[in-house]
Amino acid sequence: MLLLLAKKGRKVKEKAFQSIIEAFTKGRKHEHYDHAKKYAEKLKELTISDGEAAKALLSKLTTRETEEELNQRKNLTKLISGSIINKIEVPFAKADRTEGISLSFEVDKAIKDSYPELTDSFDGRKSISDYLFETVRRYRRIDPNAFLVIEISQFDSNKEKPKSLPIIFKSSEVVDFQFNNEVLEFVVTTRGNRFMAYFKGGSFLLEPTEAKGSALQEEYSYSTYAGSLKDGITLSLNSKDFFIKEFDNGSKGELIQAERIGYVPDERTDGNTCVTHWHPALSRIERTIIANSESDLTHALHVFAQKLIMTEPCKGYHNGDTHMNCSGGFTQGTEQVCKNCGGSGQQPMHKSSQDVIYVKMGKDSQDTPDIDKIVKYIRPDLETAKYLEEFLDKQSQECLRDVFAGNSFSTPSAEQTATFVQVNYESIYDAVTPYCKKTSQLFEFCAELRASIEMDKSIKVDHQYPKDLEIETMAELVSQYKNSEGAPSEVRRRIRERIIRRSLNNQPMASQRALVKMMHEPFADKTESEKASIIASNLVPTEKKVLYANYDDIMNYLIEQSSSFVLMTFAKRQELIDAEVKRIMSNLNQSIPLE
């Protein structure tokens, strides 16, 4: 078995060796390179939504306008595509930061629940979690075919230990790769004039050089130069000289230093490349661009009242002591534009909202001008503008539904139960769960490789998100609980538990006490009307009624008496609670007066 794995590893190394050389000497790229690069460019333009991005997108989509009209459209359009994408991102971001993530490290057959040497200061400043959330998440939005690579920084082996350095190579910098059953075998990247090929156990570095190299034949192999690659060798192919060297990453052939950021297979390339997690909404977001632009143009050029003013002919202006008459917008007797009217031929009247139009009063009512006829506003038809706004709003909502399926973002009515709300969130969880699994995979990749590079240890890392990602807001949880009458008691209990954990998020002891109190509370999952009915009936033991009436006092007393109360088993706590109830009932019996 080990021999087969060794042979397979050598074959992969042969392919990586040939690929990196041909990438430099022949410009070789994987067959979907242009597709992946253009896809990333499109996502970036839609996400950024600034003026330049809008111009690029509108140039592609608008083909029947003159250059002047297109430029005006570009200058007036403010795209909302980035805003739509940001709204889609909210559940994913919340899931990324959810509480209750399970993390363990298997070190020398022992399990540790923390390992700060591995997880902290990953890039010299951020932890692995922060790096994935703040840096990698941005590329997951706009370039799912980018690769996260853990490089080994330069170091003096006599004085220093190696350090891991995370680098993200954009899809335009990934020139070749190979997967086998969804497992990465090698990837070739380029940046500047430097090429790297990563495979299990190590990497190749290739850089152009002015030194004359040994000529490679068309049929060449890694095996021929394996003995020289550890120190590096200068070779030549297609009149291009280059230096190539092999590096070991310390994982004994187990780990590859690269991981693709995306996880959703692209159907157009039969899964060889990836699409972004919000890809289901991509076509609809593109559809909003022209409507968005039309709406902006309509508001800027048409949706305002047209003002008509009755004016007198221009009266000219004074040039020192000389009065210059206006003739049809020109200074009389010259070809110069009149300085008073600016060429309109009409006496200027209203220039800003602070102006006042003075009208000379006549000798009688017939001689006085009708003020209503001096200025008139023509109101625009707002139906088109209203339609465009409603269309954009509807498309924005549909984009959310495209990604999360169904009516995930519809607001439940007061009559709808918590069961409905919970089912409503299931479609969101369905979309977010694979995203979280990929985050866990990236975390494990970073930590395990860092252990190999910096500690020369083989550490198995297990990173898992909780089944309940708890992405609802506190207001939504409270609303769910209020609307949960008629729902199964287990549903109400789960909602209440989540409210407690969320409200006491940064107070673990207080949260634990509150959850313990809820576990023993009588009728905890009943509504207020149900509780009142139960207490009034003869179907409940007196002990339970006494516990209900004195519950807070009993629990606070027991917690105060013993700090270990919340750590006890359920049965042991219940035993102490029952004893306290009997004591209260005894006191009650003694206090009842004899007739």
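Read on for a plain summary of the structure. (Residues numbered from 1 in each chain as written. Predicted model: local features only at pLDDT ≥ 70, side-chain atom pairs only at ≥ 80, totals over all residues. Heavy atoms only, no water.)

**Let's talk about the pattern of salt bridges**
Taken as a whole and assessed by the stated rule, the structure comprises 20 salt bridges. The salt bridge partner of Arg28 is Asp176, with a shortest N-O separation of 3.2 Å. You can see Arg28 sitting in the loop between helix H1 (2-25) and helix H2 (33-48) and its partner Asp176 sitting in strand S5 (residues 174-180), a full 148 residues away along the chain. Note on Arg28: relative accessible area 34%, which makes it partly exposed. The residue Glu575 makes a salt bridge to Lys572 at a minimum N-O spacing of 4.0 Å. Taken together, the residues span about one helical turn, with Glu575 and Lys572 both in helix H18 (residues 570-591) at a distance of three residues. Exposure remark for Lys572: the relative accessible area of 37% places this residue in the partly exposed category. (Salt bridge = Lys/Arg side-chain N within 4 Å of Asp/Glu carboxyl O. Helix = DSSP H or I, 4+ residues; strand = E, 2+ residues; numbered from the N terminus. Buried < 20%, exposed > 50% of the residue type's maximum accessible area, 1.4 Å probe, protein only.)

**Thoughts on helix H8 (residues 222-229)**
Looking only at H8, the buried set comprises Tyr222, Tyr225, Ala226 and Leu229. Down the axis of H8, the buried side of the element spans an arc of 145 degrees, and every buried residue falls inside it. Seen from the open side of H8, the exposed residues pointing more than 90 degrees away from its buried face are Thr224 and Gly227. (Arc of directions from axis to C-beta.)

**A closer look at the sheet that holds strand S6 (residues 183-191)**
Pairing between the strands of a sheet is mediated by backbone hydrogen bonds and can be parallel or antiparallel. What the seven strands build is an open sheet, ordered S5-S6-S7-S8-S11-S10-S9; its pairing is mixed. Either end of the sheet is taken by a strand with one partner, and the two such strands are S5 and strand S9 (214-215). Here six bridges tie S5 to S6, and the two strands are oriented antiparallel to one another. Each residue of the ladder has a partner; that of Phe179, found in S6, is Leu184. (Pairing = 2+ DSSP bridges.)

**Structural notes on helix H4 (residues 67-76)**
Along H4, the residues that are buried comprise Leu70, Arg73 and Lys74. Each buried residue of H4 lies within a common arc of 100 degrees when the element is viewed along its axis, so the set occupies one face. Every exposed residue of H4 that faces more than 90 degrees away from the buried side is listed here: Glu68 and Asn75.

**Notes on the sheet that holds strand S21 (residues 460-464)**
Taking strand neighbours across the sheet as the criterion, the three strands line up as S2-S1-S21 in an open arrangement whose pairing is antiparallel. Each edge of the sheet is formed by a strand with only one pairing partner; in this case those strands are strand S2 (110-112) and S21. The average angle at which neighbouring strand axes cross in this sheet is 20 degrees, direction not considered. Relative to S21, strand S1 (residues 102-107) runs antiparallel, the two being bridged by five bridges. Bridge pairing links Ser102 to Gln464 in S21. (Axes fitted to C-alpha atoms, helices over the stretch in contact; angles between N-to-C directions.)

**Examining the pairing of strand S11 (residues 240-248)**
Each regular strand shows side chains that alternate between the opposite faces of the sheet. In this structure, strand S8 (residues 202-208) lies alongside S11, joined through seven bridges in antiparallel fashion. Looking across to S11, one finds that Leu205 is bridged to Lys245. Relative to S11, strand S10 (residues 233-237) runs antiparallel, the two being bridged by five bridges. Counterpart to Leu235 in the pairing with S11 is Phe242.

**Remarks on the environment of Leu148**
Here Leu148 lies in strand S3 (residues 147-152). The buried category is assigned to Leu148, whose relative accessible area is 0%. Expressed as a C-alpha distance, the spacing of Leu148 and Lys170, which sit 22 residues apart in the sequence, is 8.9 Å.

**Let's talk about the environment of Ala300**
Structurally, the position occupied by Ala300 is in helix H9 (residues 282-301). Taking the C-alpha atoms as reference points, Ala300 and Leu76, 224 residues apart in sequence, are found 7.4 Å from one another.

**Structural notes on the environment of Phe443**
Within the fold, Phe443 resides in helix H11 (residues 418-455). With a relative accessible area of 2%, Phe443 lands in the buried category. In this structure, the C-alpha to C-alpha distance between Phe443 and Thr119, residues 324 residues apart in sequence, is 8.9 Å. With sequence-adjacent residues up to four places away left out, Phe443 is seen in contact with Leu103, Thr119, Ile128, Ser129, Leu132, Val461 and His463. (Contact = heavy atoms within 4.5 Å.)

Interpretation in functional terms is not warranted from these geometric data alone.
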